[in-house]
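Residue-level structure breakdown
Single-letter residue listing:
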Amino acid sequence: MTEHVLVVGSGRDLPGRVRDALPGTQTSVICRLEFVAKLRRLAEHSRVIAVRHDAPDEEWIALAAAAHAQHPFTRIATFGERDQDRCAAIGEALGLSTHSRRTVTSVHDKNAMRAALRESGVDATASAVVADVEALRSFAFEHGFPCVVKPVCGAGSAGVAVVREESALAAAFARAGGDFDGLTTSGVLVERFHEGPQFSVEAFSECGEHQIVAVTRKYSDPATFVELGHVAPAALSAAQEERIHTYVTSVLDAVGVEFGATHTEIVLTPTGPRVIETHVRMGGDEIPSLALDATGVDLAECVVRQTVGEKVLPGIRAVLAEERPARCSAIWFAAAPVAGVLTDVSGVDDARNVDGVTDVQLLVRPGGAVNVLESSDSRVACARAVGDTAEQALDAAREAVSRLEFQVRVAAASTVTV
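The name recorded for the protein in an unreviewed UniProt entry is ATP-grasp domain-containing protein, from Rhodococcus jostii.

Next up, the structure:
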């Protein structure tokens, strides 16, 4: 039987890889109007359905159903964060297997995630949706400082603030209640802040069974929580690693994950792991590439092959069981200390010549706007590196970033070099 996969969203290069993975596979796309320009190998899709981003689920379902009636879909997939809820709704309506609406809600809505984890006994972290600063103040007084204030739904650390004193509550509430990257205000969530090093855990699931692939140490800005760097594998004791594996598996069970790649962010507190958030997708910030360097597991390829019906968990476990030379992989980001227009970048070749560096990328080109560090989109460049130890890999990536020099025009008559 010829597979016909309905892809919800753009998916970058993954829809093309789906077709390549199983010769004869066809793909159709349903996505937001503004995502059409991001589609790759556009003419190779059987059809592309473009929908307004604010169209109701019923319209997305009706358009997908009309295409399904003419050329039935055998599978449905989505590869990014945006419109996973639409994918769940369409899959349910057309009888195509995908993440349930409950699972998608539990990972997109951070208040729903906290409720699911409390109800299952996995994580009792106190949290609440607050309607105003007074309600936020009441939570802080009841549960103590510091606390985390953030949008109920959001991405890229946008709108997140750690509040350590009462005087900062109003500003944090205003920040979390704004609009970010086209996402409408979803409400403000406050939760207890957990002290400790932060990690992301990349896992893969199949038929409700979970396999941890890599644990990555992450480094974040202490004020905004925007991620500045990552290294895989994290330097952990066997006992710490086992506790993290057990805990994250319980988190995935609690929110109902049945298949696919997941990216779970945690804090390792003195009393054990505590979740920050989880996602039913691969991690960003090149983390799948770091995991590939460190473990040999290609998460993107696993997503592609699972999409066309292959069983991939046995292969993942076989790769993880192989004897491999110790290798660590790191990424580090640069951010501009001022807002303005980037006029020039130098030092790129010098950065690429640092021993161990495998890649240097400019995330903003000259002529583009830059801002102070407010979200992941505020970062202007990154460098990846490998090493025998986590410290070697991190040092090389940081050294590469330090060799970059940015000129930023902050006003008509002045230029600042950073």
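**Description of unusual backbone geometry**
Excluding glycine, a negative phi dihedral is what most residues carry, and trans is how most peptide bonds are arranged. Residue Pro146 is bonded to the preceding Phe145 through a cis peptide linkage, with omega at -5°. Positionally, Pro146 belongs in the loop between α6 (133–143) and β6 (147–151). Look at the link from Ala232 to Pro233: it is a cis peptide, with omega at -5°. Looking at the element boundaries, Pro233 is found in the loop between β11 (227–232) and α8 (238–254).

**Concerning helix α7 (residues 169–176)**
Those residues of α7 that fall on the buried side of the exposure criterion are Leu169, Ala172, Phe173 and Ala176. For α7, the angular spread of buried residues about the axis comes to 100°, placing them on one side. Opposite its buried face, α7 presents the exposed residues Ala171 and Ala174, each directed more than 90 degrees away. Against the buried residues of α7 lie β5 (127–130), α6, β6, β7 (161–163) and β8 (188–192).

**Focus on the pattern of salt bridges**
If you walk through the whole model with that rule in mind, you get 29 salt bridges. The partner of Arg17 in a salt bridge is Glu301, and the shortest N-O contact between them spans 2.8 Å. Taken together, the positions of Arg17 in helix α1 (residues 14–21) and Glu301 in helix α10 (residues 299–307) put the pair 284 residues apart, joining distant regions of the chain. In this structure Arg17 comes out as partly exposed when scored by relative accessible area, which is 23%. When salt bridges with common partners are traced through the structure, they connect Asp13, Arg17, Glu301, Arg305 and Glu310 into a single cluster.

**What to know about the side chain of Ser10**
Tracing the backbone through its elements, the reader meets Ser10 in the loop between β1 (4–8) and α1. For Ser10, a relative accessible area of 14% corresponds to the buried category. Once you skip the residues sitting within four places of it in the chain, Ser10 turns out to touch Pro15, Cys31, Phe35, Lys38 and Leu39.

**A short note on the sheet that holds strand β12 (residues 260–269)**
Taking strand neighbours across the sheet as the criterion, the eight strands line up as β13-β12-β9-β10-β11-β14-β18-β16 in an open arrangement whose pairing is antiparallel. Looking at the sheet topology across the chains shown, the edges are occupied by β13 (272–279) and β16 (357–362). Shown here is a sheet whose adjacent strand axes are inclined to one another by a mean of 25°, direction ignored. Where β11 lies against strand β14 (residues 328–335), four bridges are found, and the strand directions are antiparallel. Its bridge partner being in β14, Val231 is matched across the sheet by Ala330.

**Structural notes on the side chain of Thr103**
Inspection of the secondary structure assignment puts Thr103 in helix α4 (residues 101–108). Within the structure, the side chain of Thr103 is placed 2.9 Å from the backbone oxygen of Val255, a separation counted as a polar contact. At 3.0 Å, the side chain of Thr103 and the backbone oxygen of Gly256 are in polar contact. In this view, Thr103 contacts Val255, Gly256, Val257 and Val280; residues no more than four positions away in its chain are not counted.

**Focus on the packing of aromatic side chains**
One pass over the full model with this rule turns up one aromatic pair. When the ring of Tyr219 is compared with that of Trp332, the centres are 5.7 Å apart and the planes differ by 50°; the resulting orientation is tilted. Of this pair, Tyr219 sits in strand β10 (residues 209–220) while Trp332 sits in strand β14, placing them 113 residues apart in sequence. Relative accessible area serves as the criterion here: at 23%, Tyr219 is assigned to the partly exposed category. In this structure, Arg398 is placed above the aromatic ring of Tyr219, and the distance from its NZ or CZ to the ring centre is 5.5 Å.

**Some points on the environment of Arg101**
Mapped onto the elements, Arg101 comes out in helix α4. On the basis of relative accessible area, Arg101 is assigned to the partly exposed category, the value being 36%.

**Focus: the packing of α1 against α10**
Two numbers describe how α1 lies on α10: the axes approach to 9 Å, and their chain directions differ by 60°. The orientation of α1 with respect to α10, classified from their angle, is oblique. Seen along the crossing, α1 lies across α10 with a hand that is right-handed. Along its contact with α1, which presents Leu14, Arg17, Val18 and Ala21, the element α10 presents Ala300, Glu301, Val304, Arg305 and Thr307. Tallied by class, the residues present in the contact of α1 with α10 amount to five nonpolar, one polar and three charged.

**Overview of the nonpolar core**
One broad trend across soluble globular proteins is that nonpolar side chains are buried collectively. The biggest cluster of nonpolar side chains holds 30 residues, and the ones touching the most others in it are Leu342, Val360, Val370, Val380, Leu404 and Phe406. Looking at this core, the elements with two or more residues in it are β14, β15 (340–346), α12 (348–352), β16, β18 (379–387), α13 (390–402) and β19 (405–411). Examining the composition of this core, we find that seven residues originate from one element, α13, more than from any other. Residue contacts for Leu342: discarding those within four places in its chain leaves Val364, Arg365, Pro366, Gly367, Gly368, Val370, Phe406, Gln407 and Val408.

**Details of the environment of Asn353**
Following the sequence through the fold, Asn353 ends up in the loop between α12 and β16. Sequence separation of Asn353 and Ala400 is 47 residues, and the distance between their C-alpha atoms is 8.1 Å.

**Brief notes about the sheet that holds β1**
The parallel open sheet is built from four strands, whose spatial order is β3-β2-β1-β4. Strands with a single pairing partner mark the edges of an open sheet, and in this sheet they are β3 (47–51) and β4 (75–77). Ignoring which end each strand starts from, the neighbouring axes of this sheet average 20° apart.

**Topic: α6**
Within the sequence span of α6, burial applies to Leu136, Phe139 and Ala140. Seen along its axis, α6 keeps its buried residues to an arc of 95°; they face one direction. Exposed and facing more than 90 degrees away from the buried side of α6 are Phe141 and Glu142. The secondary structure elements touched by the buried residues of α6 are β5, β6, α7 and β8. In this structure Asp132 caps α6, since a side-chain oxygen of it lies 3.3 Å from the backbone nitrogen of Glu134. Backbone geometry just after α6 places Gly144 at a positive phi near 90°.

Definitions and limits used
Residues numbered from 1 in each chain as written. Predicted model: local features only at pLDDT ≥ 70, side-chain atom pairs only at ≥ 80, totals over all residues. Heavy atoms only, no water. Helix = DSSP H or I, 4+ residues; strand = E, 2+ residues; numbered from the N terminus. Buried < 20%, exposed > 50% of the residue type's maximum accessible area, 1.4 Å probe, protein only. Arc of directions from axis to C-beta. Contact = heavy atoms within 4.5 Å. Salt bridge = Lys/Arg side-chain N within 4 Å of Asp/Glu carboxyl O. Pairing = 2+ DSSP bridges. Axes fitted to C-alpha atoms, helices over the stretch in contact; angles between N-to-C directions. Polar contact = N/O pair within 3.5 Å; in protein donor to acceptor, adjacent residues only side chain to side chain. Phe/Tyr/Trp six-rings, centres within 6.5 Å; stacked < 30°, edge-to-face > 60°. Lys NZ or Arg CZ within 6 Å of the ring centre and 35° of its normal. Parallel < 35°, antiparallel > 145°, perpendicular 65-115°, else oblique. Left-handed = near helix turned anticlockwise from the far one by under 90°. Nonpolar A, V, L, I, M, F, W, Y, C, P; charged D, E, K, R; others polar. Core = buried A, V, L, I, M, F, W, Y, C linked by side-chain atoms within 4.5 Å.

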